[in-house]
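Structural description and commentary
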Amino acid sequence: MLAGLGRLIHRRRWTGLVLILLVTGVAGAWGLGVFAKFKAGGFDDPKSSSTLVAKLGATYFGSTNPDVIALYRSDGLTVDDPKYQASVVTTVARLPKDRVAEMISYWAIDGKDAESFASRDKRQTFVAIKLQGTDDAAKLANYQAIKDRLAAPGLKVRLGGNVPLGQEFGEQVVADIVRAETITAVPLFLLLVILFGAVTASVLPMIVAIFSIVGGLAVLHLVTYLADVTSFALEVVTMMGVGLAIDYSLFIISRFREELARGMDGKGIPPGKPWKRAGDRSARRAAKREYARDLAPLRQAALAATMCTAGRTIMVSGVTVSAALGGLLLFPQMFLRTIGLAGIATVLVAVFGATVLLPTLLALLGPKVEFGRMPWRRPSAKRAAREPDSGFWYRLGHSVMKHPLPYFAMVLVILGVLFVPFLNVQFGSVDARVLPKSSPTRSVVETVKADFPNGSAEPIDVVVSGDLIPRAWKPVRKGDNIPPYLEGYRKNLAALPGVTDAKFTGYSGSYGGVRISVTHKYEPMDAKAQALVDRIRGMGLSKGGFPMHVDVGGSTAAQMDLMSSLMRTLPKMALAVGVATFVLLFMFFGSIVLPLKAIVMNVLSIGASFGAIVWGFQYGHLAGLLDFTPTGGVEATSMILILAVVFGLSMDYEVFLLSRIREEWDRTHDNRTAVATGMQHTGGIITSAALLFLVVIAAFSLAGITVVKLIGVGMFVAVVVDAALVRSLLVPATMRFMGAANWWLPGPLASLHARMDLRETTGLEAPPAPAAPPPLPEDQPFPYALHWEPSPATPPESPAPAPAPAAESPNPAPASPTPASPASAIPVDRPVPSPPAHSPAAPWAPWANGPPQPRPRPPVRTRREIVRAPDGSGWRWRTVEENDVN
């Protein structure tokens, strides 16, 4: 199927390019509208008790977190000065009533409650403003209309609150993306030039990355009509889209160049522009047409082979990454659900760009993909003489397979050391400290907490509701007696250990509920504060034997509900993602051992990443380098997001490596050779892909929002660990331990896999498999070696001419080789190898046939011997040189 897709793309390449350009233009125009659709928050469980309390406060009681906080300061006046009061009161009184629903200031409250609105030195005060509107867009529009009218004469003003905080988040996200793309553009291109060795090949991944960004924004805009989307999704989606697009492009381009070069070598078509060697202009034109005619089927065949090898691997990788991100859809938090939806869509856009857009461009370019070739990419005699299976990764694979236990132990020790900090993890919530230190809204929050009485206090809100709440009663109105059961409940709350006060702060007759705010002396995330919440939730309330509804909210209760929700959903996510990944890899590799091992390897990478996050952010060791404020904990939903993203990315590289190992196993059935050859063909590409991805992630690690820094660092560590340790050392070592069991497939599952097999033939001639050993004499002991002597160049003359046959056979039988000794050699019929093109005695003429040719390798005397297979599965041939002592 994929080979047919490659041939179709080649035949309709111009039509496909025009359609893709039209779609990209429409998607770009549509995607720009996403910036006005983002929602704030999204970190809470919508079904939790604390979320209900927050919604009731915003709808009926008045939110304890105002939409806008206007913080005023005077260097010479105090809040008790009439001039100070006149300046603030006249300013806020001029605000339009259709924009502002409610305002509370120092001069509008009597008694002790007013002290909370004035700083300790009496030089600062704030006005809490509730805006008109029921959604974020309406409130943001109202804030934009009044923010310039909040300046008071003679006073300094700073604005904070939920709405300005959300606006700054959105602006910071866009600024981070622009800065990240600006920083990474040039380094990415230079790295691509170094890796590909050609300018044209280096430009193609950048084109696919741009397409992925445009398509990702369009899909993200579409998601906003299905669910609320947080602004954090934009940074995560952009980071993943660019990284995956470049990674996938690297594999497609590398495989296409490999397949095209193989086809051209097989047909004897030289690279470059050979028609220029023709004599006159007409001859050059004719030679060029003939060259294009000969090249067309090779280009189509190379594209078909690329699609059903690298293209198939990329599609499976995209599905596995999407399956990992799909686990986020099981969580009720809007932050995780929307990033899961947007992430899946972005991955699919990157897969489309790599398997449709990029093949279309390669079909148009063909050998021109090598245009702008760098000196290190040009063929040389040394490179031409190099054996294909003698590179660094091949030697590393053989080294690991030869000494698996030391490598295995070393990697486990390193991963264990990286994981240890995670044992002391402390989870926290998102607050204004995730913004840069220069943030104006953050400075307002920090000033209120530091300079105002009870500024750092975050009360526990208790809402009592039910039909027994009086409908025409307000606890703050004089003359209304408080019902005894409510007053008794308030006193019981005030008497709890650690509680400093408990008072009525809201009432709603239409809803039938009352709110009691409980202030305490603990930090919001302290264990004692959480124990207090548990104790309040355990206190029941009834009237006349009829129980009433009691809901507990506030920042402490919200964090506890969040952690409870995450812990309930996490096992479901792990089971769903694990089963989906196992099924996909089973269909792809035809083994039940490799999928299980791949899942375990990914868990190790995730553990190392989590440990690094705790060390860097909870302990604060990276605070100076990355310029953020440590909070003593890590945000829980961000860790879940990293879990899904890192699992998908780690599986991405696992699929790339094992797919090539599987190709070699199908060809040789030699576990050691398959692993070494697979590493040689993919080790450099995986390392290059990881390096490019690290450049993208590193730029986002410098973002202004701490949560994005945390996600970037977590992904950075995971990619380094996965590419440098797990895929390069741990995977080969474990495959050596398992031997042929890596490919074990029970009989019943073998028939099932035959119907689900995702593998596909390339349609091209595969490299020959090693020859099967000849029949052996039963009386010869092991080990032994087989030797052949070269056949005589001229067959001996027959003593008498044979009668002429009726029809001469076109394929005369080859002469039988003469064994070196009757005891150690076995005669086998095989064709005599043709003499080398350049005899050692003939002079070397590099310019005889156009471009310089590499110096021919001198003939090497070899012998073949049968040795035991490294995985113990039987015997195999080995060809060694005469001077090889091994």
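Our subject is the structure listed above.
All of the points below concern the structure found in this document. The written sequence of each chain sets the order in which its residues are numbered from 1. Totals for whole chains, interfaces and linings use every residue, but because this is a predicted model, local features are given only for residues with pLDDT of at least 70 and side-chain atom pairs only at 80 or more, for both listing and counting. To get the side-chain values, take all heavy atoms of the structure and skip hydrogens and water.

**Concerning the overall build of the protein**
Rules: For the purposes of this entry, the term helix denotes a DSSP run of H or I that reaches at least four residues, the term strand denotes a run of E that reaches at least two, and both are numbered from the N terminus. Relative accessibility under 20% of the residue-type maximum defines a buried residue, over 50% an exposed one, and the middle range a partly exposed one, all with a 1.4 Å probe and only protein chains included. For this analysis, residues touch if any pair of their heavy atoms sits within 4.5 Å. Exposure was quantified through the Shrake-Rupley algorithm and a 1.4 Å probe, taking into account, for residues, occlusion by the shown protein chains and nothing else.
Looking only at helices and strands, the protein has 23 helices and 17 strands in total. For the protein, buried positions account for 48% of its 886 residues. Of the contacts formed within the protein by residues at least 6 apart in sequence, a portion of 78% connects residues at least 24 apart. When the accessible surface of the protein is split by element, carbon and sulfur atoms take 61% of a total near 42400 Å².

**A few points about the sheet that holds strand E13 (residues 549–553)**
Put simply, the rule is: A pair of strands is treated as paired once DSSP finds two or more bridges between them. Interaxial angles span 0 to 180 degrees and are taken between N-to-C directions of axes, which are lines fitted to C-alpha atoms, for helices over the stretch in contact.
In spatial order, the strands read E9-E10-E8-E13; together these four strands make up an open sheet with antiparallel pairing. Looking at the sheet topology across the chains shown, the edges are occupied by strand E9 (499–508) and E13. Strand-to-strand twist in this sheet, taken as the mean axis angle between neighbours without regard to direction, amounts to 20°. When strand E8 (residues 460–465) meets strand E10 (residues 513–520), the two strands line up antiparallel, connected through six bridges.

**Some details on the sheet that holds strand E2 (residues 68–73)**
Pairing between sheet strands relies on hydrogen bonds along the backbone, with the strands arranged either parallel or antiparallel. Spatial ordering of the open sheet is given by E3-E4-E2-E5, a layout of four strands whose pairing is antiparallel. Every interior strand has two partners, whereas the edge strands, strand E3 (100–104) and strand E5 (156–160), have only one. Between one strand and the next, the sheet's axes are offset by a mean angle of 20°, whatever the strand orientation. Sheet topology note: the E2/E5 ladder contains five bridges and is antiparallel. Counted as the bridge partner of Ala70 is Leu159 from E5. Those strands touched by helix H14 (residues 440–451) are E2, strand E4 (124–131) and E5, and its axis lies near 105° from that of E5.

**Observations concerning a positive patch on the surface**
Test applied: Candidate patch residues must exceed 30% relative accessible area and have no salt bridge, after which like charges are joined if within 9 Å and Val, Leu, Ile, Met, Phe, Trp or Tyr side chains if within 5 Å. Salt bridges are counted wherever a side-chain nitrogen of Lys or Arg sits within 4 Å of a carboxyl oxygen of Asp or Glu. Charge counting treats Lys and Arg as positive and Asp and Glu as negative, with His and both chain ends excluded. Charge placement uses NZ in Lys and CZ in Arg. For Asp and Glu, CG and CD serve respectively.
A cluster of like positive charges, contributed by Lys273, Lys276, Lys288 and Lys368, occupies part of the molecular surface. Examined against the element boundaries, Lys368 turns out to sit in the loop between helix H10 (334–365) and helix H11 (381–385). Classification of Lys368 as exposed rests on a relative accessible area of 58%.

**A word on the environment of Val731**
Relative to the assigned elements, Val731 resides in helix H22 (residues 706–738). Expressed as a C-alpha distance, the spacing of Val731 and Met601, which sit 130 residues apart in the sequence, is 7.8 Å. Aside from chain neighbours lying at most four places away, what touches Val731 is Lys597, Met601, Glu654, Leu657, Leu658 and Val726.

**A short note on unusual backbone geometry**
For Lys122, which is not glycine, the phi torsion reads 65° and is therefore positive. Assignment of secondary structure puts Lys122 in the loop between E3 and E4. Phi at His669 takes a positive value of approximately 55°, unusual for a residue other than glycine. Relative to the elements of secondary structure, His669 occurs in the loop between helix H20 (636–668) and helix H21 (671–701). Overall, His669 belongs to the partly exposed group, its relative accessible area being 49%.

**Regarding the side chain of Ser609**
Here Ser609 lies in helix H18 (residues 593–618). In this structure Ser609 touches Ile642, Val646, Gly714, Met715, Val717 and Ala718, once residues within four positions along its chain are discounted.

**Considerations on helix H5 (residues 136–146)**
Formally: It is the directions from the helix axis to the C-beta atoms that the arc portrays.
Here H5 has its buried residues at Lys139, Asn142, Tyr143 and Ile146. Taken down its axis, H5 places every buried residue within 100° of arc, on the same side. At its buried positions, H5 is contacted by E2, E3, E4, E5 and helix H6 (162–196).

**Regarding the environment of Gly42**
Looking at where Gly42 falls in the secondary structure, it is placed in the loop between strand E1 (38–39) and helix H3 (49–61). Classification of Gly42 as buried rests on a relative accessible area of 11%. Sequence-wise, Gly42 and Asp228 are 186 residues apart; in three dimensions their C-alpha atoms are separated by 8.3 Å. Gly42 has contacts with Gln333, Met334 and Phe335, leaving out every residue within four places of it along the chain.

**Observations regarding the pattern of salt bridges**
It is possible for side chains bearing opposite charge to pair when their charged atoms get close. Applying the stated criterion across every chain yields a total of 22 salt bridges. One salt bridge in this structure joins Lys449 and Glu458, with 3.7 Å as the shortest N-O distance. Of the residues examined, Lys449 reaches a relative accessible area of 34% and is grouped as partly exposed. Here the salt bridges share partners, and the residues they tie into one network are Arg255, Glu258, Glu259, Arg262, Arg660 and Glu663.

**Focus on the packing of aromatic side chains**
The line we're drawing: Working definition: rings of Phe, Tyr and Trp (its six-membered ring) pair if their centres are within 6.5 Å, and the pair is stacked with planes under 30 degrees apart, edge-to-face with planes over 60 apart, and tilted otherwise.
Under the defined criterion, the tally for this structure stands at 14 aromatic pairs. Judged by centre distance (5.2 Å) and plane angle (40°), the rings of Phe422 and Phe610 are tilted. Of the two residues, Phe422 sits in the loop between helix H13 (404–419) and strand E7 (427–428) while Phe610 sits in helix H18, which places them 188 residues apart along the sequence. Phe610 carries the same exposure label as Phe422, and that label is buried. Of the aromatic side chains, those joined through ring pairs into one cluster are Tyr84, Tyr106 and Trp107.

**Some details on helix H7 (residues 199–223)**
This is how the line gets drawn: Multiplying 1.5 Å by the helix residue count minus one yields the expected span of that helix.
Taking 1.5 Å of rise per residue, the 25 residues of H7 would be expected to cover 36 Å, and the 37 Å separating its terminal C-alpha atoms lies within 8% of that figure. Among the 25 residues in H7, 18 count as buried, and that is most of the element.

**So, the pairing of E4**
Most of E4 sits inside the fold, with seven of its eight residues counted as buried. By the bridge criterion, six bridges tie E2 to E4 in an arrangement that is antiparallel. In the strand pairing of E4, Ala70 is matched with Val127. Bridge count between E3 and E4: four bridges; the pairing is antiparallel. Looking at the pairing, Glu102 lines up with Lys130 of E4.

**Some details on the packing of helix H9 (residues 281–326) against H20**
The criterion, for reference: Oblique is the label for every angle not falling under 35 degrees (roughly parallel), over 145 degrees (roughly antiparallel), or within 65 to 115 degrees (roughly perpendicular). With the far helix as reference, a near helix turned anticlockwise by less than a right angle produces a left-handed crossing, and one turned clockwise produces a right-handed crossing. Under this grouping Gly is polar, as are all residues other than the nonpolar Ala, Val, Leu, Ile, Met, Phe, Trp, Tyr, Cys and Pro and the charged Asp, Glu, Lys and Arg.
Across the interface, H9 lies against H20 with an axial gap of 8 Å and an inter-helix angle of 155°. The orientation of H9 with respect to H20, classified from their angle, is roughly antiparallel. Considering the relative orientation of H9 and H20, their crossing is right-handed. Within the contact between the two elements, H9 uses Thr309, Thr313, Ile314, Val316, Ser317, Thr320, Val321, Ala324 and Leu325 and H20 uses Ala644, Val645, Phe647, Gly648, Leu649, Met651, Asp652, Val655, Phe656, Ser659 and Glu663. Here the contact of H9 with H20 is built from residues that sort into twelve nonpolar, six polar and two charged.

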